[in-house]
Amino acid sequence: MPTPPIGTSQSYIAHVDVNSFYVSCERVFEPKLENRPVIVLSNNDGCAVARSSEAKALGIEMGAPWFKLSAAAERMGLVAKSSNYELYGEMSARVMKLLGRFSAWTEIYSIDEAFLGVRGTLDELQLLGEKIKAEVYRLTGLPVCVGIATSKTLAKMANNTAKHLKVLNGVCVWDRAPKQTTENLLARLPVVEIWGIGPRLTKRMRGLGIWTAKDLRDADEVRIRDKFSIVQMRTVLELRGIPCIPMEEEREVKGQLIFSRSFSDPITDRVGMEQVMGVYAQQASARLHKHQKTAKILTAWAMTSYYNQNQDHQPAVTVKLPGPSADPVVLTKAAKQLLPQVLVGVKYARAGVMVMDLRPMAMQETFEPFVSAHEARNIGSLLQQIRSDHGVKSIGLGAAGLQSGPSWEMRREMMSPRYTTHWKELLTVKAA
DNA sequence: ACGTAGTAG
DNA sequence: CGTTCTACTACGT
């Protein structure tokens, strides 16, 4: 008697992503934005980072600078919103929690995307995709598309197909479509549209006669590895439906943390830069404390605007900390080592602090020859405690602790209320 | 070990 | 005048 088959159904990957995520979040709380061209702007209201389909139809590109759009916005009926990351972060958490109901095996890939390990017949998978879409919409108000295939790369491609082909109603199970259809799609899809293939690789691939997803899938994978790298070889196999990019474990903190921002007004002096370094270093300290991590290396940098070609300057320092640390005093001191390189009178448009080589904060009794006096007295934890009780702006060291917002604080003139995270900004509903 | 290139969202 | 921010992997030295 034959043993029963272990899995009668194949293992698949579902890729779920929210349509125009930031715009959709804004629409949940402001339904009059439905069916209108809407964009969400980057920090400082600099450029468009999310566009509704109507805005895309107006020809507004990703990254289009607001100063070039603002004049014509009213005539076009275009609505712009400043980014409200607190709102998006919270909506994202709701979606991800919900997706956990459909699979115990999920990978949160970005703020608005997740991969889910799923099984079933092709028809069952179709129903599952429809169910996911309907439930996310019912419980969060956000529209998603679902792509299902045997590899992550194809699942992404299926999702993209679901977004573009209206007849699919937002769900595409790749292997369920007629062979002829998927072959045509691949033959028409430029390589730059494939996950992992950017503009540089696209150019090099064209040189080898590889223009479409079909060309790449049918290319010799060993040749691809030799001409490019193992990453692109995996892409070739993934396009053939062979999973090569595994589902990743959830990582609590990444290998590095970066704090960087463009300024609303450029910084031209050492005092200003000193304040900025203080703020970033303390933000870094706060995040490290929150995750109970320490860093061994800190890099601080500043740069002039890319568009200011006659004044190009990018000072940077990398500092090996005296020992693994999350201490705000240690980090601030390290970040300020950038200052001697800062030229007075040069217009710095942005700056940042990056901490690397992160590792878990040592337990209490570990031998620590490099502990500073501040650390020994636990000032870092104290600051962290006060921040969590009274808000991140309640306390800080030196110039970074100043209350009045310096001139380089973020410009966010069109920001929506933080509906879901601040009691005073709750949505008001009026009964007719 | 560290810096650079390339990519994603 | 002005064009986001964060984080990864691979590779070459």
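Note: the structure precedes this text.
Here is a short report on the structure shown in this document. (Residues numbered from 1 in each chain as written. Chains lettered and ligands numbered in written order. Predicted model: local features only at pLDDT ≥ 70, side-chain atom pairs only at ≥ 80, totals over all residues. Heavy atoms only, no water.)

Helix and strand content of chain A: 15 helices and 13 strands. Looking at chain A residue by residue over its 432 residues, the buried ones come to 43%. In chain A, 68% of the contacts between residues at least 6 apart in sequence involve partners at least 24 apart. Summed over all atoms, the accessible surface of chain A reaches about 24,000 Å², with 54% contributed by carbon and sulfur. (Helix = DSSP H or I, 4+ residues; strand = E, 2+ residues; numbered from the N terminus. Buried < 20%, exposed > 50% of the residue type's maximum accessible area, 1.4 Å probe, protein only. Contact = heavy atoms within 4.5 Å. Areas by Shrake-Rupley, 256 points an atom, 1.4 Å probe, with all protein chains shown as cover.)

It is worth spelling out unusual backbone geometry at this point. Note on backbone geometry: most residues besides glycine have negative phi, and most peptide bonds are trans. Within the chain, N35 stands out as a residue other than glycine whose phi angle is a positive 65°. By the secondary structure assignment, N35 is in the loop between α1 (21-29) and β2 (38-41). A positive phi is found at D357, a non-glycine position, where the angle reads about 55°. With respect to the helices, strands and loops of the structure, D357 is situated in the loop between β12 (348-356) and β13 (359-360). A relative accessible area of 31% means that D357 is categorised as partly exposed.

The topology assignment puts Q232 in helix α11 (residues 230-239). You can call Q232 buried: its relative accessible area is 8%.

Right, let's talk about the packing of helix α12 (residues 270-290) against helix α13 (residues 328-335) for a bit. Relative placement of two packed helices is described by the angle separating their axes and the distance separating the axes. Contact geometry of α12 with α13 gives a least axis separation of 8 Å together with a crossing angle of 140°. Regarding α12 and α13, the two cross each other, and that crossing is right-handed. Taken together, the residues of α13 that come into contact with α12 (itself represented by M277, G278, A281, Q282, A284, S285 and L288) are P328, L331, T332 and A335. Tallied by class, the residues present in the contact of α12 with α13 amount to 7 nonpolar, 4 polar and no charged. (Axes fitted to C-alpha atoms, helices over the stretch in contact; angles between N-to-C directions. Left-handed = near helix turned anticlockwise from the far one by under 90°. Nonpolar A, V, L, I, M, F, W, Y, C, P; charged D, E, K, R; others polar.)

For the rest of this paragraph, the subject is the protein's contact with DNA strand B. In the region of DNA strand B, 15 residues are neighbours, and K156, G196, R200, L201 and K320 sit closest. Backbone atoms, meaning sugar and phosphate, make up 100% of the atoms of DNA strand B lying within 4 Å of the protein. Measuring from a sugar or linking oxygen of DNA strand B, one finds a side-chain N or O atom of E113 at 3.3 Å. Between R200 and DNA strand B, the recorded distance is 2.2 Å, taken from a side-chain N or O atom to a phosphate oxygen. Sorting the residues of the surface near DNA strand B by element identifies β5 (106-110) and α8 (199-207) as the ones contributing at least two each. The element contributing the most residues to the surface near DNA strand B is α8, with 3 residues. (Near = heavy atom within 4 Å. Polar contact = N/O pair within 3.5 Å; in protein donor to acceptor, adjacent residues only side chain to side chain.)

For the rest of this paragraph, the subject is the packing of aromatic side chains. On inspection of all chains with the given rule, the structure shows 8 aromatic pairs. Where F21 meets Y22, the ring centres are 5.8 Å apart and the plane angle is 55°; that geometry is what we call tilted. Accessibility assignment for this pair places F21 and Y22 in one class, buried. Judged by centre distance (6.4 Å) and plane angle (65°), the ring pair of F21 and Y88 falls under edge-to-face. Highlighted residues: F21 in helix α1 and Y88 in helix α4 (residues 85-99), separated in sequence by 67 residues. The class for F21 is buried, based on a relative accessible area of 5%. By relative accessible area, Y88 is classed as buried at 0%. Among the aromatic residues, ring-to-ring pairing joins F21, Y22, Y85 and Y88 into one connected group. Stacked on the ring of F115, the Lys or Arg K152 has its end atom at 4.8 Å from the ring centre. (Phe/Tyr/Trp six-rings, centres within 6.5 Å; stacked < 30°, edge-to-face > 60°. Lys NZ or Arg CZ within 6 Å of the ring centre and 35° of its normal.)

Our next topic: the state of the cysteines. Going through the model one piece at a time under the given rule, you end up with 0 disulfides. The thiol sulfur of C47 is not disulfide-bonded, and the nearest other cysteine sulfur, from C25, lies at 18 Å. Judged by its relative accessible area of 21%, C47 falls in the partly exposed class. Lacking any disulfide linkage, C145 is separated from the closest cysteine sulfur, that of C172, by 9.9 Å. (Disulfide = S-S within 2.5 Å.)

Judged by pairing direction, the sheet is mixed, and its 3 strands sit side by side in the order β3-β2-β4 without closing on themselves. Edge positions in the sheet fall to β3 (48-51) and β4 (79-82), since each of these pairs with one other strand and no more. Neighbour to neighbour, the strand axes of the sheet diverge by 30° on average, direction disregarded. In this structure, β2 lies alongside β3, joined through 3 bridges in antiparallel fashion. The residue bridging L41 from the neighbouring strand is A48, located in β3. (Pairing = 2+ DSSP bridges.)

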